[in-house]
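Below are the chains, spelled out letter by letter.
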Amino acid sequence: MREISWRRIRSWTCLACGKCCTKFKVVLSPYEYAKIFELMPEAVVVDVKPYLRRIGGRCIFLDDY
């Protein structure tokens, strides 16, 4: 699974569409990692870089609507 190349994106906000997290690993910045790990440590996976955990092929924060 490929990572999203954040170097090409100046600003980004999750719209909960599922397009990113179902096709790519969502890499966390050090700030995002620290903030999310503090609130919900089970939401992150560290494998050289910190990523958002995926459950059923989707981001842990993506709700079913």
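Everything here concerns the structure above.
Just so it is clear, the structure is predicted and the values come from calculations on it, not from any experiment.

**Overview of the nonpolar core**
Moving on, step 1. Listed in full, the ten residues of the largest apolar core are Cys 21, Val 26, Leu 28, Ile 36, Ala 43, Val 44, Leu 52, Cys 59, Ile 60 and Leu 62.
Moving on, step 2. Residues in contact with Ile 36, not counting those within four places in the same chain, are Leu 28, Pro 41, Ala 43, Val 44, Leu 52 and Phe 61.

**Side note on the pairing of strand β4 (residues 49–52)**
Moving on, step 1. Here strand β3 (residues 44–47) runs beside β4; their pairing, made up of four bridges, is antiparallel. Within β4, the residue paired with Asp 47 across the bridge is Lys 49.
Moving on, step 2. In this antiparallel pair of consecutive strands, β3 and β4, the connection spans one residue, and Val 48 shows a positive phi of 70°.

**Let's talk about the layout of surface pockets**
Moving on, step 1. Here the largest pocket defines a volume of roughly 470 Å³.
Moving on, step 2. Along its surface, the largest pocket is lined by 20 residues, and Trp 12, Thr 13, Cys 14, Val 26 and Leu 52 are the ones closest to its centre.
Moving on, step 3. By residue class, the composition of the lining of the largest pocket is 16 nonpolar, three polar and one charged.

**Examining the environment of Gly 57**
Moving on, step 1. Inspection of the secondary structure puts Gly 57 in the loop between β5 (54–55) and β6 (58–59).
Moving on, step 2. In the structure, Gly 57 is positioned 34 residues away from Lys 23 in sequence and 8.5 Å away in space, judged by C-alpha atoms.
Moving on, step 3. In contact with Gly 57, other than residues within four places in its own chain, are Cys 21 and Thr 22.

Definitions and limits used
- Along each chain, residue indices are assigned from 1 in the same order as the chain's sequence is written.
- pLDDT decides what is reported in this predicted model: residues at 70 or higher carry local features, side-chain atom pairs at 80 or more are listed and counted, and totals for whole chains, interfaces and linings draw on all residues regardless.
- The side-chain figures draw on all heavy atoms in the structure; neither hydrogens nor water molecules are used.
- Joining through side-chain atoms within 4.5 Å is the link that ties buried Ala, Val, Leu, Ile, Met, Phe, Trp, Tyr and Cys residues into a set, and such a set is a nonpolar core.
- To sort residues, take the accessible area from a 1.4 Å probe on protein chains only and compare it with the maximum for the residue type: under 20% means buried, over 50% means exposed, and anything in between is partly exposed.
- For this analysis, residues touch if any pair of their heavy atoms sits within 4.5 Å.
- DSSP bridges decide pairing: two strands pair if at least two such bridges lie between them.
- In this text, helices come from DSSP runs of H or I with a minimum length of four residues, and strands from runs of E with a minimum of two, each type numbered from the N-terminal end.
- Points on a 1 Å grid over protein atoms alone make up a cavity when a 1.4 Å probe fits among them but cannot get out, and a pocket when they form an open set with protein on both sides within 12 Å along at least five of seven lines; lining residues each have an atom within 4 Å of a point.
- Grid points are joined across faces, edges and corners, and a volume is the space filled by probe spheres set on the points.
- In this classification, Asp, Glu, Lys and Arg are treated as charged, Ala, Val, Leu, Ile, Met, Phe, Trp, Tyr, Cys and Pro as nonpolar, and every other residue, Gly included, as polar.

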